[in-house]
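Fold and contact review
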Amino acid sequence: MESSKFLTLVKACSKKEIQSFKKYAQTQRNFGEKGQVLLDLVLKYFGKWEAAVFQKDRAYTEIFGKGEPRQLKRFNNLLSETALLLEQFLINLEVERDAFQRTLMKLKMYEK
C-alpha cells in the first residue's frame, strides 16, 4: 500500500477532506464495509505515513481480519475503487470551490 495511487491521493488531502470523503463515500451504493474500515484506518493513522499499518500485509489484516486467507487481488481492487471514488470527490470539491470552473461547466452542459 506504500506506493499505491490511493495512498498518494490521501497524502495530498487534509484530514478534514478525508473525513468529508468518508461521509461522501458512505452515500455511495457500491462503497462497502471494507472501504469504511480502510478509511477508518487512514484517519486513525493520518500523517503517520511510515507506520507499519500502511504496509500491504498489515493493512490487509487490519481490513479483512486475521482469519481471512490473503487475496491480494481483492485488496488491490478495494484500493483501486476507493482511489477512483476519492478522485471523483476531489474533482467535485475543486469545482465547488471555484465559481469560475462551475460556470464553465454549466455553459458546457447547456451547449449540448
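Above this text you will find the structure in question.
In short, a report on the structure. (Residues numbered from 1 in each chain as written. Predicted model: local features only at pLDDT ≥ 70, side-chain atom pairs only at ≥ 80, totals over all residues. Heavy atoms only, no water.)

1. Digging into the overall build of the chain
- When helices and strands are counted, the chain shows six helices and zero strands.
- Projected onto its principal axes, the C-alpha positions of the chain cover 55 × 25 × 20 Å.
- The burial tally for the chain puts 34% of its 112 residues in the buried class.
- Expressed as a percentage of contacts within the chain between residues at least 6 apart in sequence, the contacts between residues at least 24 apart total 59%. (Helix = DSSP H or I, 4+ residues; strand = E, 2+ residues; numbered from the N terminus. Buried < 20%, exposed > 50% of the residue type's maximum accessible area, 1.4 Å probe, protein only. Contact = heavy atoms within 4.5 Å.)

2. Side note on the packing of helix 2 (residues 15-26) against helix 5 (residues 72-97)
- Where helix 2 meets helix 5, the axes come as close as 10 Å, and the angle between the chain directions of the two elements is 110°. Between helix 2 and helix 5, the crossing angle belongs to the class labelled roughly perpendicular. Considering the relative orientation of helix 2 and helix 5, their crossing is right-handed. Counted together, Glu-17, Ile-18, Ser-20, Phe-21, Tyr-24 and Ala-25 of helix 2 and Thr-82, Leu-85, Leu-86, Gln-88, Phe-89, Asn-92, Leu-93 and Arg-97 of helix 5 form the full contact between these two elements. (Axes fitted to C-alpha atoms, helices over the stretch in contact; angles between N-to-C directions. Parallel < 35°, antiparallel > 145°, perpendicular 65-115°, else oblique. Left-handed = near helix turned anticlockwise from the far one by under 90°.)

3. Concerning the pattern of salt bridges
- Here the structure, examined in full by the defined rule, presents six salt bridges.
- The closest approach of N and O atoms between Asp-40 and Lys-22, which form a salt bridge, is 2.4 Å. Placement of Asp-40 in helix 3 (residues 33-44) and of Lys-22 in helix 2 is noted, with a sequence separation of 18 residues between them.
- You can call Asp-40 partly exposed: its relative accessible area is 36%. (Salt bridge = Lys/Arg side-chain N within 4 Å of Asp/Glu carboxyl O.)

4. Quick notes on the nonpolar core
- In this structure, Phe-6, Val-10 and Leu-86 are the most contacted members of the largest nonpolar core, which totals 30 residues.
- Every element with two or more residues in this core is listed here: helix 1 (5-11), helix 2, helix 3, helix 4 (56-64) and helix 5.
- It is helix 5 that contributes the most residues to this core, eight residues altogether.
- Setting aside residues no more than four positions away along its own chain, Leu-86 makes contact with Phe-6, Leu-9, Val-10, Cys-13, Ile-18 and Phe-21. (Core = buried A, V, L, I, M, F, W, Y, C linked by side-chain atoms within 4.5 Å.)

5. Considering the environment of Tyr-24
- Mapped onto the fold, Tyr-24 is located in helix 2.
- Every residue in contact with Tyr-24, bar those within four places of it in the chain, is listed here: Leu-85, Gln-88, Phe-89 and Asn-92.

6. A closer look at the side chain of Lys-22
- Judged by relative accessible area, Lys-22 falls into the buried class, the value being 19%.
- With sequence-adjacent residues up to four places away left out, Lys-22 is seen in contact with Gln-36, Leu-39, Asp-40 and Leu-43.

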